[in-house]
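What the coordinates show
So you can see what is in the structure, the chains are spelled out below.
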2 protein chains.
Amino acid sequence: MKKDKKTSLRIDPKGPTWPSKLEEIDAPPESLWLRGDEDALASSRFVAIVGSRSPTPYGLEQARLFAMSFAAAGVVVVSGLARGIDAAAHAGALDAGGETIAVLGSSVDRPWPRGEVATRVIEEGLLLSEHPLGTDPRPHHFPLRNRLISGLSDAVVVIEAAARSGSLITAHWAADQGRDVFALPGRVDQPMSRGTHKLIREGASLVEDPREVLAELYGAPSTEDPSGEALAEDPQEDDIIMARLSTEDLTVDELVAATGIEVRALLNRLVEGELSGLIARAPGGLYRRVRRRS
Amino acid sequence: MKKDKKTSLRIDPKGPTWPSKLEEIDAPPESLWLRGDEDALASSRFVAIVGSRSPTPYGLEQARLFAMSFAAAGVVVVSGLARGIDAAAHAGALDAGGETIAVLGSSVDRPWPRGEVATRVIEEGLLLSEHPLGTDPRPHHFPLRNRLISGLSDAVVVIEAAARSGSLITAHWAADQGRDVFALPGRVDQPMSRGTHKLIREGASLVEDPREVLAELYGAPSTEDPSGEALAEDPQEDDIIMARLSTEDLTVDELVAATGIEVRALLNRLVEGELSGLIARAPGGLYRRVRRRS
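No experiment lies behind these values; they were computed from the predicted model shown. (Residues numbered from 1 in each chain as written. Chains lettered and ligands numbered in written order. Predicted model: local features only at pLDDT ≥ 70, side-chain atom pairs only at ≥ 80, totals over all residues. Heavy atoms only, no water.)

1. Details of the overall build of chain A
Selection rule: A helix here means a DSSP run of H or I that spans at least four residues, while a strand means a run of E at least two residues long, and both kinds are numbered starting from the N terminus. The classification of residues rests on relative accessible area computed with a 1.4 Å probe and restricted to protein chains. Under 20% of the type maximum is buried, over 50% is exposed, and intermediate values are partly exposed. Here a residue-residue contact requires only that any non-hydrogen atoms of the pair lie within 4.5 Å. Here the Shrake-Rupley method, with its probe set to 1.4 Å, supplies the accessible areas, and only the displayed protein chains count as covering residues. Charge counting treats Lys and Arg as positive and Asp and Glu as negative, with His and both chain ends excluded. The atoms used to mark charge sites are NZ of Lys, CZ of Arg, CG of Asp and CD of Glu.
What chain A contains, in helices and strands, is 10 helices and 11 strands. The principal-axis extents of the C-alpha atoms in chain A amount to approximately 55 × 50 × 35 Å. Across the 294 residues that make up chain A, the buried fraction comes to 55%. Counting contacts in chain A only where the partners sit at least 6 residues apart, residues at least 24 apart contribute 71% of the total. If you sum the accessible surface of chain A, you get close to 13,100 Å²; carbon and sulfur atoms cover 50% of it. Taking the 34 positively charged and 44 negatively charged side chains of chain A as two groups, their mean positions are separated by 6 Å.

2. Comments concerning the sheet that holds strand 4 (residues 76-79) of chain B
Residue and element names in this part refer to chain B. Definition in use: Strand pairing is defined by DSSP finding a minimum of two bridges between the two strands.
Here we have 9 strands laid out as an open sheet, ordered 1-2-6-5-4-3-7-8-9, and mixed in their pairing. Whereas interior strands pair on both sides, the edge strands pair on one side only; in this sheet they are strand 1 (9-11) and strand 9 (205-206). In this structure, strand 4 lies alongside strand 5 (residues 100-103), joined through 3 bridges in parallel fashion. Following the sheet pairing, Val-78 is matched in strand 5 by Ile-101.

3. So, the pairing of strand 11 (residues 286-289) of chain A
As judged from the 4 bridges shared by strand 10 (residues 279-282) of chain A and strand 11 of chain A, these two strands associate in the antiparallel manner. Within strand 11 of chain A, the position partnered with A:Ala280 by the bridge is A:Arg288.

4. Points about the interface of chain B and chain A
Applied cut-off: Note on terms: buried area is the combined drop in 1.4 Å-probe accessible area of two parts once they are placed together, counting the loss on both. One speaks of a salt bridge when a side-chain nitrogen belonging to Lys or Arg is within 4 Å of a carboxyl oxygen belonging to Asp or Glu. Under this definition, polar contacts are N or O atom pairs within 3.5 Å; protein pairs additionally need one hydrogen-donor-capable and one acceptor-capable atom, and for neighbouring residues in sequence, both atoms have to be side-chain atoms.
Chain B puts 18 residues into the contact, and the matching count from chain A is 18 residues. Interface area lost by chain B to chain A is led by B:Val188, B:Arg201 and B:Glu208, which between them contribute 39%. Here chain B and chain A share 6 salt bridges between them. Across the pair B:Arg201 and A:Glu208 runs a salt bridge, and its minimum N-O distance is 3.4 Å. Along the contact surface separating chain B from chain A lie 12 residue pairs in polar contact (both at pLDDT 80 or more).

5. A closer look at the relation of the copies chain B and chain A
Note the threshold: C-alpha atoms of residues with pLDDT of at least 70 in both copies form the basis for the least-squares superposition of the copies.
Its rotation angle being 180°, the transformation that places chain B on chain A also includes 0.1 Å of axial translation and leaves an RMSD of 0.1 Å. Between the two chains, the operation in question is that of a two-fold axis. Minimal C-alpha distance to the rotation axis in chain B is attained by B:Gly186, lying at 2.2 Å. With an isologous cut-off of 70% or more, the 100% of interface residues of chain B that recur at the interface of chain A puts this contact in the isologous class.

6. Notes on the pairing of strand 8 (residues 180-183) of chain A
Residue and element names in this part refer to chain A. Counted only if it meets this: Crossovers are described as right-handed under a simple rule: with the strands pointing away from the observer, the path leading from the first strand over the helix to the second runs clockwise.
One ladder, built from 4 bridges, connects strand 7 (residues 155-158) with strand 8; its direction is parallel. Opposite Val-157, over in strand 8, you have Phe-182 as the bridge partner. Read from strand 7 through helix 5 (residues 166-176) to strand 8, the crossover connection turns out right-handed. Once you follow strand 8 into helix 6 (residues 194-201) and on to strand 9 (residues 205-206), the crossover reads as right-handed.

7. Things to note about the sheet that holds strand 5 (residues 100-103) of chain A
Residues and elements named next belong to chain A. The condition is simple: Helix axes are fitted only over the stretch in contact, all axes being lines through C-alpha atoms; the angle between N-to-C directions runs from 0 to 180 degrees.
If you walk across this open sheet you meet the 9 strands as 1-2-6-5-4-3-7-8-9, and the pairing is mixed. Across the chains shown, the open sheet's two edge strands, defined by having one partner strand only, are strand 1 (9-11) and strand 9. Of the strands in this sheet, strand 2 (32-36), strand 5 and strand 6 (126-129) are in contact with helix 3 (residues 116-124), which crosses strand 6 at around 100°.

8. Regarding helix 7 (residues 210-218) of chain A
Every α-helical turn comprises 3.6 residues, leaving residues that sit three or four positions apart pointing alike. Residue and element names in this part refer to chain A. Note the cut-off: Summarising the geometry, the arc corresponds to the directions from the helix axis toward the C-beta atoms.
Here helix 7 has its buried residues at Pro-210, Val-213, Leu-214 and Tyr-218. Here the buried residues of helix 7 occupy an arc of 95° about the axis, which is enough to place them on one side. Buried positions along helix 7 lie against strand 3 (46-50), helix 1 (57-72), strand 7, strand 8 and helix 10 (263-275). Phi turns positive, to about 80°, at Gly-219, one or two residues after helix 7.

9. Brief notes about the side chain of A:Ser43
Residues and elements named next belong to chain A. Mapping Ser-43 onto the fold places it in the loop between strand 2 and strand 3. For Ser-43, the side chain forms a polar contact with the main-chain nitrogen of Arg-45, separated by 3.0 Å. Setting aside residues up to four positions removed in sequence, Ser-43 forms contacts with Gly-74 and Val-76.

10. Notes on the layout of surface pockets
To find leftover empty space, a probe the size of one water molecule is rolled over the atoms. The criterion, for reference: For each structure, a 1 Å grid was placed over the protein atoms alone; sets of points admitting a 1.4 Å probe that cannot get out are labelled cavities, open sets with protein on both sides within 12 Å along at least five of seven lines are labelled pockets, and lining residues have an atom within 4 Å of a point. Grid points are joined across faces, edges and corners, and a volume is the space filled by probe spheres set on the points. Ten residues, namely Ala, Val, Leu, Ile, Met, Phe, Trp, Tyr, Cys and Pro, are considered nonpolar, four, namely Asp, Glu, Lys and Arg, are considered charged, and the remaining ones, Gly among them, are considered polar.
What the largest pocket holds in volume is close to 710 Å³. Lining the largest pocket are 23 residues, with A:Asp189, B:Glu274, B:Leu275, B:Ser276 and B:Gly277 positioned closest to its centre. Those elements that provide at least two residues to the lining of the largest pocket are helix 1 (57-72), helix 7 (210-218), helix 10 (263-275) and strand 10 (279-282) of chain B. For the lining of the largest pocket, the element with the highest residue contribution is helix 1 of chain B, accounting for 4 residues. Class assignment of the residues belonging to the lining of the largest pocket gives a composition of 7 nonpolar, 3 polar and 13 charged.

11. Description of the environment of A:Glu274
Residues and elements named next belong to chain A. Counting through the fold element by element, Glu-274 comes out in helix 10. Considered as a pair, Glu-274 and Leu-65 are 209 residues apart in the sequence and their alpha carbons are 7.9 Å apart. Residues contacting Glu-274, with those up to four places away along its chain left out, are Arg-64, Leu-65, Met-68, Ile-279, Arg-281 and Tyr-287.

12. Points about the packing of helix 2 (residues 85-95) of chain A against helix 3 of chain A
Residues and elements named next belong to chain A. Worth spelling out the cut-off: Angles are sorted into four bins: roughly parallel if under 35 degrees, roughly antiparallel if over 145, roughly perpendicular if 65 to 115, and oblique for all others. We call a crossing left-handed when the near helix sits turned anticlockwise from the far one by less than a right angle, and right-handed when that turn is clockwise.
Where helix 2 meets helix 3, the closest approach of the two axes is 10 Å, and the angle between their N-to-C directions is 40°. Overall, the two elements helix 2 and helix 3 adopt an arrangement that is oblique. The chirality of how helix 2 crosses helix 3 is left-handed. Contacts between helix 2 and helix 3 involve Ala-87, His-90, Ala-91, Leu-94 and Asp-95 from the first element and Val-117, Arg-120, Val-121 and Glu-124 from the second. Each residue belonging to the contact of helix 2 with helix 3 can be placed in one class, and the counts come to 5 nonpolar, 1 polar and 3 charged.

13. What to know about the confidence of the model for chain A
Residue and element names in this part refer to chain A. Our working rule: The score called pLDDT rates the predictor's confidence residue by residue, from a low of 0 to a high of 100.
Across chain A, the average pLDDT comes to 89, with 92% of residues at or above 70. Low pLDDT (under 50) marks residues 222-232, which in the prediction has 17 contacts with non-local residues, meaning those over four places away or in another chain. The ipTM value of the predicted complex is 0.77, and its pTM value is 0.79.

In structure tokens, the structure reads:
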């Protein structure tokens, strides 16, 4: 049974639900306040996706694809609720039926920034903060907030970032905390590539595909279900999905009904189809088969 | 006085004009045939620019910008005459008034591929080959040809390349020969980024800007003229150029006449303007001031 979304829960380092990864970091928080899907913290897989508040369409699309792929592999997507890349990551995780955690620079009863994604994360995800209730966002909260984004996560993926930006602070926290840092390259004539290219020069792993992150952190992910149920890859599923999409665009629910494929397996196939350019997402949550020019 | 472009010259390892850099490599050629601007070999600065025959517009633009920037710094641009990135590199070097060398997989009297750029390199640049006159291009010539592209050069810059491609062979020759390898990143959803990202993962330097290559190889290039004449950077020149371009688009020759700025300095300013997005090239060899959205 879902809790009232307006209530918050305080947890402390000695408690049973305290995130074990926070025991490894310097300057751990004294307490955490939670609001929303508290079960998200029970997962064993967390990856942060962070980036610019002024991303390019390319960055937004990649943030969404990475988040969907992670969610389909049972990974909780951690981010900072900011506009742009953070919001696309939270929304992508929820779109794929996964879990997501927004770590705030204000208290959980005063989430910032407000907006559609914030509302959705309150409803479907988890807000998390070290600030006592009634705390407004302050500029100096955010650099320290970033240590919790990385501290809660197995790795940090930076999608797009300016040369000087909060995302680089998160990446540096991650490196200090011994977390893997992945950075997505982009066009050199885009200022939003400066930060990720800087990270790659400093030793971050260049990443092209979310499956590389999953393989690095958790081994081959697409055939493994973290819930313990085997998730066999069936090459026929692709054919079945593509055949259904050849006559009309369909939503995930319609595809589940039409194909009989289990929803998590279906999402995996859709994400892979998007990554390989065979499937595109159309307005209204519809999936569309991409026609190849002959 | 220019020589007849139809004649070729054979040089040998003991001769005075033999490229000294070829003395450093394994399996040096027994002879070289030259056709065109033989003086190009007298330079002390050579950088190879190579890449895909099926590039994106982004790759073509970057190849041109890198070549123009190198040429403006007195660097001879070495490449393989292929369509796509190679052709854009040769043309960019010549557009900027610089020198360029095309290393062939056929003999210099049978250059391949034919086309506008090949014709132009014969007229204004240097064709170079280890194959005796009368040799047609053969597939097995090109991987070995690539060892000369890197062998003649201080460094190799790979602009765009598929996951398996001749450009990667050139880069591997370069690494074996102790040459620096630079690779331009791009969008992860472009197959033409696969090869350059692979090189970066293998240890090539991620490069965003041709000035990084110049600085790495030759020290600060923009204030140094390899001919020995000091080329002072005058910040007022930018203002003068932008003022002239604010009323109309102009060619390089028109800008020289209108501003009184020396042509090499002007080209330097134009390349920098293009790199920073302040100036764009319009059809007809015109330069245009880019209006910022306010």
